[in-house]
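Given next are the chains, with one letter for each unit.
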Amino acid sequence: MAKKTLILDGFKKGQYMSWFITTQAGNKIKVKLYDEAGNVYLEGSKQSTNIDPPLGQGSAFIKAEKVKIDIESVNANKLETWHNTSYISSATTGKQVGISFLLAGEDYDDEDYNDVYISICAWDKAG
């Protein structure tokens with residue numbers, strides 16, 4: 001088993017969060033999206049080389065600080081991830097209005113980085 005936990009810095013209580021998670025792996029991939037208070041926004045798993053359907057997608061208002069994501073690849077010896085966080089800013093004021101997190105993961109030796117893919121955005125306002 002290979003596992004990683006990441007804190008999504010910049011994601012804040014009260015923001016509206018949306019996520020899309022997919023896998024294309026021979027190993028079972030488990031993903032949990034939650035906050036420091038224990039609120040779980042997504043918990044799911046999938047084992048399939050077919051990318052469709054996604055492991056999970058959805059949205060919610062963030063209920064507490066320190067949003068975290070656990071990624072686990074069952075029966076894998078490694079889990080390499082590449083991730084990036086970027087800010088969403090107003091084109092007119094330059095003020096930050098949201099945040100985006102992308103992750104691509106590899107749990108084998110083929111370096112295709114499609115074993116797990118995660119996209120999460122959060123905005124200060126919904127609507």
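Above this note sits the structure.
These notes cover the structure that comes with them. All of these numbers come straight from a predicted model, not from anything done at the bench.

Criteria and cut-off values
Residues numbered from 1 in each chain as written. Predicted model: local features only at pLDDT ≥ 70, side-chain atom pairs only at ≥ 80, totals over all residues. Heavy atoms only, no water. Pairing = 2+ DSSP bridges. Helix = DSSP H or I, 4+ residues; strand = E, 2+ residues; numbered from the N terminus. Axes fitted to C-alpha atoms, helices over the stretch in contact; angles between N-to-C directions. Salt bridge = Lys/Arg side-chain N within 4 Å of Asp/Glu carboxyl O. Buried < 20%, exposed > 50% of the residue type's maximum accessible area, 1.4 Å probe, protein only. Polar contact = N/O pair within 3.5 Å; in protein donor to acceptor, adjacent residues only side chain to side chain. Contact = heavy atoms within 4.5 Å.

This part covers the sheet that holds strand β4 (residues 40–48). The four strands are arranged β1-β6-β3-β4 in an open sheet whose pairing can be described as antiparallel. Among the strands making up the open sheet, the edge pair consists of β1 (2–7) and β4. Averaged over all neighbouring strand pairs, the angle between strand axes comes to 10°, with direction disregarded. Relative to strand β6 (residues 68–73), strand β3 (residues 25–34) runs antiparallel, the two being bridged by six bridges. Bridged to Y34 within β6 is K68.

The next subject is the pattern of salt bridges. Inspection of the entire model under this criterion finds three salt bridges. Between D124 and K12 there is a salt bridge, with its nearest N and O atoms 4.0 Å apart. In this pair, D124 sits in the segment after β9 (116–123) while K12 sits in the loop between β1 and β2 (16–23), placing the two residues 112 residues apart along the sequence. We classify K12 as partly exposed; its relative accessible area is 38%. Between K78 and D109 there is a salt bridge, and its shortest N-O distance comes to 3.2 Å. Of the two residues, K78 sits in the loop between β6 and β7 (80–89) while D109 sits in the loop between β8 (96–106) and β9, which places them 31 residues apart along the sequence. The class of K78 is partly exposed, set by a relative accessible area of 26%. Through salt bridges with shared partners, a single ionic network connects K78, E80 and D109.

Our focus in this paragraph is the sheet that holds β9. Taken in spatial order, the five strands line up as β5-β2-β9-β8-β7 in an open sheet, and their pairing is antiparallel. The sheet is open, and its two edges are formed by β5 (56–61) and β7, each paired on a single side. Across the sheet, the mean angle separating the axes of adjacent strands is 10° when strand polarity is ignored. Direction of pairing for β2 relative to β5: antiparallel, over a ladder of six bridges. Of the residues in β5, the one forming a bridge with I21 is G56.

Take the side chain of D70 next. Structurally, the position occupied by D70 is in strand β6. A distance of 2.8 Å separates the side chain of D70 from the side chain of T5, its partner in a polar contact. A distance of 3.0 Å separates polar atoms of two side chains, one belonging to D70 and the other to Y34. Apart from the residues lying within four places of it in its own chain, the contact partners of D70 are K3, K4, T5, K30, V31, K32 and Y34.

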